[in-house]
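Structural overview
Here is how the chains run, residue by residue.
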Amino acid sequence: MSYRAAIGLRSYVFDSLAELLAKASPMRSGDALAGVAAASAEQRMAARATLADLPLTAFLDEALIAYEADEVTRLIVDSHDAAAFAPLRSLTVGSFRDWLLSDAASSAVLAAVAPGITPEMAAAVSKLMRNQDLILAARKCRVVTAFRSTIGLPGRLAIRLQPNHPTDDARGILAATLDGLMYGAGDACIGINPASDEPAKLRALWEMLDALIARYEIPTQSCVLAHVTRQIEAIKAGAPVDLVFQSVGGTEALNRSFGINLALLREAQDAALSLKRGTVGSNVMYFETGQGAALSANAHHGLDQQTCEARAYAVCRAFRPLLVNTVVGFIGPEYLFDAKQIIRAGLEDHFCGKLLGLPMGVDVCYTNHAEADQDDMDTLLTLLGAAGVNYVMGVPGADDVMLGYQSTSFHDGLALREMLGLKHAPEFESWLQRLQLIDAQGRLQDARSLQALPLHEAINQLGDGLRR
Amino acid sequence: MSELPKLISKESLAPSDPWTELRSLTPARIALGRSGASLPTREVLALGIAHAQARDAVQAALQVDVLAAALLPLGLPTIHAQSAATSRTAYLARPDWGRRLSPDSRGTLEALARSDGPDVLLVIADGLSAVAPQQHAAPLLSALLPQLQGLSLGPLVIATQARVALADEIAECFAAKLVVCLIGERPGLSSPDSLGAYVTAAPRVGSVDAERNCLSNIRPQGLGYDEAASQLAGLIRAALAAGISGVALAYSPAPSLPPSA
């Protein structure tokens, strides 16, 4: 089916729903690289105007990637909740935006309709929304998940402690972990990106985090972000696995390039659930996504990168994850060229994920060849705080020495808490107060006056090792 | 009126964390101390300096004449080739342009082509850090060339606004049996000058990443020149003998390509 629009004397034709979405997308380098971006600013607005008049049901009538050819499409179609969609059924994409911003779309109503919203509807409406709209609508979507801590409650923010080391050195990782805990980070999880893929080395990381969490009764969960098959093997071998991680994408072909499919993710979820290690909840999955991944694997089927990304959220929501995050600036300037594009993409991803019912976090980040710096990350982090982001990353000094990019630091987490009055996950907050690391208001205490604390025992043990 | 604060002592501001000694366990930026919620001034400056060096490395243009002069003692002719990316901005946004020769360069190289191609063609490319080949290409090659005795070598090709795969098209022009691309890697905060070396046997336009072997982080603080040269020579001879490279080549060290090369 083709779509027509006229602006003044010029008329525009869009040959497919996929083309209409791509041409309506805000400018970004990845869509230009794919050859799907609008050729002019006016063409982009013509596409948006056409999209605004499109009924939401159009996305139920026309699949962007054929049902027969793609299991993500089959998942989206087969899991669509028609009853939840019923209240939205008469809306166009444009009126959907108006409704999302209205008082009628309360947190409770948004949660109720979420199973009726497809990723393509979310992507479409986001293309008509300004950054301000993406923030306002997302902050109404509350998604609460739990394992040993409860994440996503209003007025709270969690941090993934990311203590990576270039060679997975156990003492180096422990030092960075203790550093983060002393800064009040780690309530979302303690998650290591391993440099090695060797089962024995991975096992050592799981054992170390398990021992730390048990010894100091830390209400958090560990994750070693190896390939999902490695994690399933580890569970079978008896490793103490809390969360199972995997990068996922919005097309079957992209997931194939990651070496996964939906059945494998189901197997992983079942394996993690079988361990029953959660205390306050049973959300056991941790997913990462990011715009541009599909094109980089030549698995985008002519779709724009933001629509592909929204489809990845359909994969995520099938597995009741504890955490989902978009690693927004990691991929490089050929997909998101500069801070303007990174900031926009971060807000889009957070909004689309939340609208679909996901516990969204964002890895607010950039690489050294992107046109971005710490000031830009401050901007995006603050916007996401205002938008109610569930969690962000905590990397020592914002400098990930294993992955070679800049993310947000433990300090950035503290700054966001102070700016917006955001508290820790409740179980973690109680733990920090019990250790006197924070006061009753949640403010971090002066570390120099706290030498008797349990965590200092761990620090001193590491330090003793240095002196011997 | 509120009271003036008492005299502020510099020592009480942004104190170090009591676990500073743990810094020796990891290159990560731990125990930074804090000023309220924020980083102390010294740490804001330290990260700012590291990022500035990385940014300068990304933006730096390869000084082709200076590099050619440094390569002169090696006794091989040098040629300059340019990719289809006409500016640094275009290069960063469009990796596909950085993988193909400009029409002018294509014409120049085709005019030099010979049917009996060399065993090994050496391409020196700016990549994402021109600082790396500018500093490390000449000393690495002077350690490498003596270990390639008995093999026929093409001219040294200096390639600008180049991605790894540009070397494939250059090698195709020369009908080379194998190409080595020495290229500036994406600068890290503590390593703005890392050189990568990619070995591709039977190179042609369309060679894929799985067909390459890679040595990474070549620089005095990382993989040193002599060690890199001997590993590289071993790889070259193994790939030439097998007629293949990449994951299919049964030879360590380190196959395949890191992202964003």
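Please read these numbers as outputs of a predicted model, since none were measured by experiment.

Reading the values: the criteria
- Residues numbered from 1 in each chain as written.
- Chains lettered and ligands numbered in written order.
- Predicted model: local features only at pLDDT ≥ 70, side-chain atom pairs only at ≥ 80, totals over all residues.
- Heavy atoms only, no water.
- 1 Å grid on protein atoms, 1.4 Å probe; cavity = no way out; pocket = protein on both sides within 12 Å on 5 of 7 lines; lining within 4 Å.
- Points joined across faces, edges and corners; volume = space filled by probe spheres on them.
- Helix = DSSP H or I, 4+ residues; strand = E, 2+ residues; numbered from the N terminus.
- Nonpolar A, V, L, I, M, F, W, Y, C, P; charged D, E, K, R; others polar.
- Salt bridge = Lys/Arg side-chain N within 4 Å of Asp/Glu carboxyl O.
- Buried < 20%, exposed > 50% of the residue type's maximum accessible area, 1.4 Å probe, protein only.
- Axes fitted to C-alpha atoms, helices over the stretch in contact; angles between N-to-C directions.
- Parallel < 35°, antiparallel > 145°, perpendicular 65-115°, else oblique.
- Left-handed = near helix turned anticlockwise from the far one by under 90°.
- Contact = heavy atoms within 4.5 Å.
- Buried area = accessible area lost by both parts, 1.4 Å probe.
- Polar contact = N/O pair within 3.5 Å; in protein donor to acceptor, adjacent residues only side chain to side chain.
- pLDDT = per-residue confidence, 0-100.
- Core = buried A, V, L, I, M, F, W, Y, C linked by side-chain atoms within 4.5 Å.
- Pairing = 2+ DSSP bridges.
- Phe/Tyr/Trp six-rings, centres within 6.5 Å; stacked < 30°, edge-to-face > 60°.
- Lys NZ or Arg CZ within 6 Å of the ring centre and 35° of its normal.
- Expected span 1.5 Å × (residues − 1).
- Arc of directions from axis to C-beta.

Turning our eyes to something else, we now look at empty space enclosed by the protein. Residues and elements named next belong to chain A. Evaluation of the coordinates by the stated rule reveals three cavities of 30 Å³ or more. Mapped by element, the contributors of at least two residues to the lining of the largest cavity are helix H16 (293–296) and helix H17 (305–317). Counting residues per element, the lining of the largest cavity draws most heavily on H17, which supplies four residues. For the lining of the largest cavity, the residue count by class is six nonpolar, six polar and one charged.

A word on the pattern of salt bridges. Taken as a whole and assessed by the stated rule, the structure comprises 37 salt bridges over all chains. The partner of Glu207 of chain A in a salt bridge is Arg203 of chain A, and the shortest N-O contact between them spans 2.7 Å. Separated by four residues within a single helix, Glu207 of chain A and Arg203 of chain A lie in helix H12 (residues 199–215), roughly one turn from each other. A salt bridge links Asp399 of chain A to Arg29 of chain B, with the nearest nitrogen and oxygen atoms 2.7 Å apart. A residue pair is termed interchain when its members come from two chains, as with Asp399 of chain A in strand S13 (residues 399–400) and Arg29 of chain B in the segment before helix H1 (41–59). This pair shows no difference in class: Asp399 of chain A is buried, exactly as Arg29 of chain B is. What you see here is one network of salt bridges that share partners, running through Arg148, Asp210, Asp242 and Arg277 of chain A.

Residues and elements named next belong to chain B. The geometry of helix H6 (residues 131–144) relative to helix H8 (residues 225–242) is characterised by a closest axis approach of 9 Å and an angle of 60 degrees between their N-to-C directions. The angle between H6 and H8 places the two elements in the oblique class. H6 and H8 meet at a crossing whose hand is right-handed. Residue-level inspection shows Gln135, His136, Pro139, Leu140, Ala143 and Leu144 of H6 in contact with H8, the latter providing Tyr225, Asp226, Ala228, Ala229, Leu232, Ala233 and Ile236. Classifying every residue of the contact of H6 with H8 gives 10 nonpolar, two polar and one charged.

Turning to the interface of chain A and chain B, a few remarks are in order. Listed as interface residues are 48 residues of chain A and, on the opposing side, 39 residues of chain B. Between chain A and chain B, the buried area comes to about 3600 Å², and carbon and sulfur atoms account for 61% of it. Of all residues in chain A, Asn368, His369 and His411 of chain A give up the largest surface area on contact with chain B, accounting jointly for 18% of the area buried on that side. Across the chain A-chain B interface, the total number found is two salt bridges. Across the pair Arg55 of chain B and Glu371 of chain A runs a salt bridge whose closest N-O atoms are separated by 2.9 Å. If you look at where chain A meets chain B, you find 13 residue pairs in polar contact (both at pLDDT 80 or more). Those elements giving two or more residues to the side of chain A that touches chain B turn out to be helix H2 (29–34), helix H11 (170–182), helix H20 (410–420) and helix H22 (454–467) of chain A. Looking at the side of chain A that touches chain B, the element that brings in the most residues is H11 of chain A, giving six residues.

Let us now look at the layout of surface pockets. Here the second largest pocket is characterised by a volume of approximately 400 Å³. For the second largest pocket, the lining is made up of 20 residues, of which Gln374, Asp378 and Asp412 of chain A together with Leu39 and Val44 of chain B are closest to its centre. Of all elements in the fold, only helix H19 (374–386) and H20 of chain A together with H1 of chain B reach the threshold of two or more residues within the lining of the second largest pocket. For the lining of the second largest pocket, the class distribution of residues is nine nonpolar, seven polar and four charged.

All names here are of chain A. The buried count for helix H1 (residues 17–24) comes to seven of eight residues, which makes it a mostly enclosed element. Restricting attention to buried positions, one finds in H1 the residues Leu17, Ala18, Leu20, Leu21, Ala22, Lys23 and Ala24. Residues of H1 that are buried sit in contact with strand S1 (3–7), strand S2 (10–14), helix H3 (41–52), helix H4 (58–61), helix H9 (119–127) and H17.

Here we come to the confidence of the model for chain B. As a general rule, the predicted coordinates of low-pLDDT regions are not to be interpreted in detail. All names here are of chain B. For chain B, the mean per-residue pLDDT works out to 91, and 95% of the residues sit at or above 70. This model gives residues 253–261 a pLDDT under 50, and the stretch forms 28 contacts once residues within four places in sequence are excluded. For this predicted complex, the interface score ipTM comes out at 0.95, alongside a pTM of 0.93.

The next thing to look at is the nonpolar core. Among the nonpolar cores identified, the biggest contains 163 residues, and Leu51, Phe96, Tyr286 and Phe351 of chain A are the most heavily contacted of them. Among the elements that make up this core, the one with the highest residue count is helix H18 (residues 339–355) of chain A (eight residues). The residues touching Phe96 of chain A, leaving out its near neighbours within four places in the chain, are Leu56, Leu88, Leu91, Ile117, Met121, Val125 and Leu355 of chain A. Within the second largest apolar cluster, 40 residues are counted, among which are Leu71, Leu122, Ala132 and Leu156 of chain B.

Glancing now at the packing of H18 of chain A against H19 of chain A. Residues and elements named next belong to chain A. Look at H18 against H19: their axes get within 10 Å of each other, and the N-to-C directions meet at 20 degrees. When the interaxial angle is binned, H18 and H19 end up roughly parallel. Handedness of the crossing formed by H18 with H19: right-handed. Counted together, Ala339, Ile342, Ile343, Gly346, Leu347 and His350 of H18 and Asp376, Met377, Thr379, Leu380, Leu383 and Leu384 of H19 form the full contact between these two elements. Classifying every residue of the contact of H18 with H19 gives eight nonpolar, three polar and one charged.

Moving on, we get to the sheet that holds strand S5 (residues 195–201) of chain B. All names here are of chain B. Ordered in space as S1-S3-S2-S4-S5-S6, the six strands form an open sheet in which the pairing is mixed. Unpaired on one side and paired on the other, strand S1 (78–82) and strand S6 (212–218) mark the two borders of the sheet. Strand-to-strand twist across the sheet, computed as the mean angle between neighbouring axes with direction ignored, equals 20 degrees. Bridge count between strand S4 (residues 178–184) and S5: seven bridges; the pairing is antiparallel. Looking across to S5, one finds that Val179 is bridged to Thr200. H6 rests against strand S2 (120–125), strand S3 (153–160), S4, S5 and S6 of the sheet, and its axis sits at about 155 degrees to S2.

Moving on to the environment of Asp210 of chain A. Residues and elements named next belong to chain A. Tracing the backbone through its elements, the reader meets Asp210 in helix H12. Take Asp210: its relative accessible area is 24%, and that puts it in the partly exposed class. Along the primary structure Asp210 and Tyr3 are separated by 207 residues, whereas in three dimensions their C-alpha atoms are 56 Å apart. Asp210 has contacts with Pro240 and Arg277, leaving out every residue within four places of it along the chain.

Moving on: the packing of aromatic side chains. Per the stated rule, a full pass over the model turns up seven aromatic pairs over all chains. Counting every residue linked through ring pairs, the aromatic cluster contains Tyr183 and Phe410 of chain A together with Trp19 of chain B. One residue, Arg163 of chain B, lies across the ring of Tyr91 of chain B, its end atom 4.4 Å from the ring centre.

Attention shifts here to H19 of chain A. Residue and element names in this part refer to chain A. With 13 residues, H19 extends 18 Å between its outermost C-alpha atoms, agreeing within 8% with the 18 Å of an ideal straight helix rising 1.5 Å per residue. Buried within H19 we find Met377, Leu380, Leu381, Leu384 and Gly385. Down the axis of H19, the buried side of the element spans an arc of 140 degrees, and every buried residue falls inside it. Its side-chain oxygen 3.1 Å from the backbone nitrogen of Asp375, Asp373 forms the N-cap of H19. Immediately beyond the C-terminal end of H19, within one or two residues, lies Gly388, with a positive phi of roughly 80 degrees.

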